[in-house]
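Structural features, examined
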There are 2 protein chains.
Amino acid sequence: MATKILQSADSAYHYPLLIKQLLTSQQRFETGNEIVSGPHRFSYAEFNQRICRLANALKAAGIGPGDTVAVMDWDSHRYLECFFAVPMVGAILHTVNIRLSPGQILYTMNHAEDDLVLVHDDFVPIIDGIKDELKTVKGYIQLTDDAQVTSSEFDSLGEYEALLAQSDTHYDFPDFDENSIATTFYTTGTTGNPKGVFFSHRQLVLHTLNMVNALQSNNNERALMNHESVYMPITPMFHVHAWGIPYVATMMGVQQIYPLRYEPNNLTRLIREEKVTFSHCVPTILQMVMQSSEAADTNFDGWQVIIGGSALTPGLARQAIEQGIEPFSAYGMSETCPLMSMTRMDPDRRALPEDEQISWRTKAGLPTDLCDIQIWTPDGKVQPNDGKSSGELVVRAPWLTQSYLNEPEKGAELWENGWLHTGDIAVLHPDGCVEIKDRIKDVIKTGGEWISSLELERLISQHPDVDSVSVVGVPDERWGERPFAMIIPRTDVLELDNIQAHLQQYVEDGTINKWAIPRKIQLVNDIPKTSVGKIDKKRIRAQLSEA
Amino acid sequence: MATKILQSADSAYHYPLLIKQLLTSQQRFETGNEIVSGPHRFSYAEFNQRICRLANALKAAGIGPGDTVAVMDWDSHRYLECFFAVPMVGAILHTVNIRLSPGQILYTMNHAEDDLVLVHDDFVPIIDGIKDELKTVKGYIQLTDDAQVTSSEFDSLGEYEALLAQSDTHYDFPDFDENSIATTFYTTGTTGNPKGVFFSHRQLVLHTLNMVNALQSNNNERALMNHESVYMPITPMFHVHAWGIPYVATMMGVQQIYPLRYEPNNLTRLIREEKVTFSHCVPTILQMVMQSSEAADTNFDGWQVIIGGSALTPGLARQAIEQGIEPFSAYGMSETCPLMSMTRMDPDRRALPEDEQISWRTKAGLPTDLCDIQIWTPDGKVQPNDGKSSGELVVRAPWLTQSYLNEPEKGAELWENGWLHTGDIAVLHPDGCVEIKDRIKDVIKTGGEWISSLELERLISQHPDVDSVSVVGVPDERWGERPFAMIIPRTDVLELDNIQAHLQQYVEDGTINKWAIPRKIQLVNDIPKTSVGKIDKKRIRAQLSEA
């Protein structure tokens, strides 16, 4: 393409998209807003000084461009400072998933080649157990919420606050390539080792700009984030940078509350006392907050919450609304930085009957700007936005991980045919709404089509003689896969014929196609479950293929 | 800087920031919104098809990557389609300033090396007069608002709507370097030829993301732009892409009204009948709308307007508010794409007494995200944000012209020391508010400091014997420049001594420094004015240096 390329004056500033540029925004002016974390309350002026202090402390610890700094901490002001200072000196921030097993943590720290580890007292025992096997780590900095409880046994370069106190408040952050890696973290699948995703400065800046648009436009009545907001993340900062929202909140200079360790009563107290207006969390945390004993004394009116990670169920949405909370859904994953779509409550949605509003709030929302979402059939045909045609959700956006760290083959699989494959089965409605139907590993690929096992389970369970059911695909020479159903019957009379006849009506009305009818069922007294009580489709698949 | 650079899987999509990506956003879903222009009302689905049709028509006209397409039109759906289709095929859109003299238009079209010209009937006479001297133009497409009035004499490739009708509705827009030039247009100074500025795809996409943030956050009560907005530009589309807001409106998929030629009664009628909620214009246009005869029948309640180009005066702001209009200020220039800062009305600003609110609305507002604004003394020292220390406003942002087209020396001057020099004298308040004080060409550089001629005029005019006054700088061997004042006296007794004594009090209270006291004045009966009634400082300077 012989386009004409920008010709710059020699002295012109090219403005790479770097995380430091987020600090040239609103936050640098006086607003009276603070960053609150445990007993600390910092003004933005102090926060900016602390970023410089931390950069100097990192330098003193031998950290420079291309090095990797791991953090093991609860959600704190320290973590936020690391979100900025570490990438701003040209290093890579590894946000360690402290919920992994020590063995997995060890694997990720060696795989990411961490040079320095900032570790909270609570995680020192983990480090103690693995430190002899850490191959690249050269030093530790101790993080504490209680200066009394210093882990004096622990051989560190010093305690975070002490190191900052003795460091200079000025640091001249350099310019560099905007495609430099800024952050990395690990995502776990059902099999194999955790995989590292990674994001560049450019990607994080673009994700931040996109996120602020999404947060401001999603509620005509009251934006999730405006300059009056009080923000408290309740998604761990090691998990996809707490969805990238701390970058938004900091750029805008709003009041921010960091809750340290998640303790339901403390979270509820903070919401009440700090007048939090906006948070984001997984469904379980929302439930824990609503059921905490402090909740009885708390008026949640005006608290807006984005739910992600798992689907917001209508029941939980209704419960939240009854308590004065306004719930929204968002959709994303570790590989996507994460934001792909979010609920938007326009006035016409607010005018809907409550049931329809809740149904809208519990879908995955509308794709955000620049986020190109398509629904593909197994053979890569693009499905129409008709709210019916399902397929794998694939995506392009400027902030998607470009591979898996040091695993180019897995990266190539993720990006097959130039689109990032989410592994989710979804439909796209004419108004743009994304509705997730299933995980691809739970769908059955037969006759060139995908059949949702969840949908089949729903239909089979409507037969009066069925108590419960689980559907999986098993290999089939002719069709690739065919659905098999494991059923706990209510009666003794249930047979394959009954199920097939029952499903035939749904073939006739177009709900499913004929390949969706199982050719085999197994009647059982019990359906295999995993140790945490989830239906164990892997074991079912094994049993059925033997049957 | 040995940072680690993003390693992409071979199949990963790199997502260049291209104008076509704006069309992957909200606008592609069904909302019922339209693009309205004269008798035309297009759905967004039709609009997207028309962009493809136009791209095919351009291809048929021989236009490809690197070519330049000039447009001479009023604000129309056609212009909006060119905003997208021309850069999306890899060509450069030259938005011709149709208010320039035919000689200047000729200069700009030859300088930009236009290949194809899309020209409205109303501007055919201009083209007729210059076409023999156009060196690079290979063809014309005729634009008309009335198919009856075809300029049959004019040798064009065809009429726009006819060409689109016969073109295919599909076009596979290619990816290319995001630094490719997308648009160019010319800015006129007081001397010399117009200078060309130019913007890349990347710059326009980033400006769009930034603008949508600014428009959504500037009014907590009701965003200037949300998905319910009805948008009508009243800033010509040839002038800095109508401030880039058509790109925002299109990305968001809002209802858009294009008013064609600006006729005050028609503008007012459109605001009323199309229920326009948001526009932007220069002060003169706002005045014309408010004073149009249609205004008497029009309820302007709910119309929000950004004023730029010239300062919004308190008088005009008050008048607008009395008529139900909500005015905001924005600050920018051709070289800056244009947005640098905008008024933000947070709840605490709305709680101010009306006079203070108006004073806030008439300043230049708060810098937008990523827009790094500094105030520099003549020797490049950064002034504090104290609301008092003035200097030249210099800026860095990701969307500033990187030079002047084919004039690298002028580009180097614009970007002296790596910051874009606006030529405006301003102060920055502690809350971030930008207040423009003067144009640099109207300030006096003396003793290493800048003295505002406007400020000096204000102080001198407070002397009871002064009727009116104009202050300019004239060369001075020792101090660089010294201020001289031309005064129309009210009495016969006024002398230099009186003025000096009068100003001494302001030296003593710190308002001005001692170099600000003129050593010479000239008493006159009349102050020289230009043909349009502005004070002619050039002639005054000449007269004073002779005096």
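Since the structure is predicted, the reported quantities are computational estimates derived from the model, not experimental observations.

1. A closer look at the packing of helix α6 (residues 201–217) of chain B against helix α8 (residues 245–252) of chain B
All names here are of chain B. Between α6 and α8, whose axes approach to 9 Å, the crossing angle comes to 80 degrees. It follows that α6 is roughly perpendicular to α8 by the angle criterion. Packed against α6, whose contacting residues are L204, T208, L209, M211, V212, L215 and Q216, the element α8 presents I245, Y247, V248, M251 and M252 at the interface. Broken down by class, the residue content of the contact of α6 with α8 amounts to 10 nonpolar, 2 polar and no charged.

2. Re the domain arrangement of chain A
Here chain A is partitioned into domain 1 (42–198) and domain 2 (447–546). The C-alpha centroid of domain 2 of chain A is placed 48 Å from the C-alpha centroid of domain 1 of chain A.

3. A short note on the interface of chain B and chain A
In this complex, chain B contributes 82 residues to the contact, which on the side of chain A involves 82 residues. Of the roughly 6700 Å² buried between chain B and chain A on both sides combined, carbon and sulfur atoms contribute 56%. Three residues, K4, L6 and L370 of chain B, lead the burial of chain B against chain A; their summed loss comes to 11% of the area buried on that side. Between the two partners, chain B and chain A, sit 4 salt bridges. Here D372 of chain A ties to R28 of chain B by a salt bridge, and the two come within 3.4 Å at their closest N and O atoms. Inspection of the region where chain B meets chain A yields 39 residue pairs in polar contact (both at pLDDT 80 or more). Of all the secondary structure elements, the ones that give two or more residues to the side of chain B that touches chain A are β8 (195–200), α6, β15 (366–367), β16 (372–376) and α14 (408–414) of chain B. No other element matches the 9 residues that α6 of chain B contributes to the side of chain B that touches chain A. For the side of chain B that touches chain A, the class distribution of residues is 37 nonpolar, 30 polar and 15 charged.

4. Describing the side chain of T108 of chain B
Residues and elements named next belong to chain B. For T108, the position within the fold is in helix α3 (residues 102–111). In terms of polar contacts, T108 uses its side chain to reach the backbone carbonyl oxygen of I105, at 2.8 Å. Sequence-distant contacts of T108, that is, excluding residues within four places in its chain, are made with H94, L100, Y186 and P194.

5. Overview of the relation of the copies chain B and chain A
Structural alignment of chain B on chain A gives an RMSD of 0.1 Å, achieved by rotating through 180 degrees and translating 0.0 Å along the axis. The transformation just described matches what one would write down for a two-fold rotation axis. Across chain B, the rotation axis passes nearest the C-alpha of N213 of chain B, at a separation of 2.8 Å. With an isologous cut-off of 70% or more, the 100% of interface residues of chain B that recur at the interface of chain A puts this contact in the isologous class.

6. Examining helix α10 (residues 283–291) of chain B
All names here are of chain B. Where α10 is concerned, the buried positions are P283, I285, L286, V289 and M290. For α10, the angular spread of the buried residues around the axis is 165 degrees, confining them to a single face. Seen from the open side of α10, the exposed residues pointing more than 90 degrees away from its buried face are T284 and Q291. Residues of α10 that are buried sit in contact with α9 (264–273), β11 (278–281), β12 (304–307) and α11 (314–322).

7. Examining the pairing of strand β17 (residues 391–396) of chain B
All names here are of chain B. Burial analysis of β17 places 6 of its 6 residues in the buried class, the great majority of the element. Bridging between β16 and β17 involves 5 bridges; their strand directions are antiparallel. Paired with I375 across the two strands is L393, which belongs to β17. Judged from the 4 bridges that link them, β17 and strand β18 (residues 420–428) form a sheet pairing that is antiparallel. Paired with V394 across the bridge in β18 is H421.

Rules of the game
- Residues numbered from 1 in each chain as written.
- Chains lettered and ligands numbered in written order.
- Predicted model: local features only at pLDDT ≥ 70, side-chain atom pairs only at ≥ 80, totals over all residues.
- Heavy atoms only, no water.
- Axes fitted to C-alpha atoms, helices over the stretch in contact; angles between N-to-C directions.
- Helix = DSSP H or I, 4+ residues; strand = E, 2+ residues; numbered from the N terminus.
- Parallel < 35°, antiparallel > 145°, perpendicular 65-115°, else oblique.
- Contact = heavy atoms within 4.5 Å.
- Nonpolar A, V, L, I, M, F, W, Y, C, P; charged D, E, K, R; others polar.
- Domains from an automatic or database assignment.
- Buried area = accessible area lost by both parts, 1.4 Å probe.
- Salt bridge = Lys/Arg side-chain N within 4 Å of Asp/Glu carboxyl O.
- Polar contact = N/O pair within 3.5 Å; in protein donor to acceptor, adjacent residues only side chain to side chain.
- Least-squares fit on C-alpha atoms with pLDDT ≥ 70 in both.
- Buried < 20%, exposed > 50% of the residue type's maximum accessible area, 1.4 Å probe, protein only.
- Arc of directions from axis to C-beta.
- Pairing = 2+ DSSP bridges.

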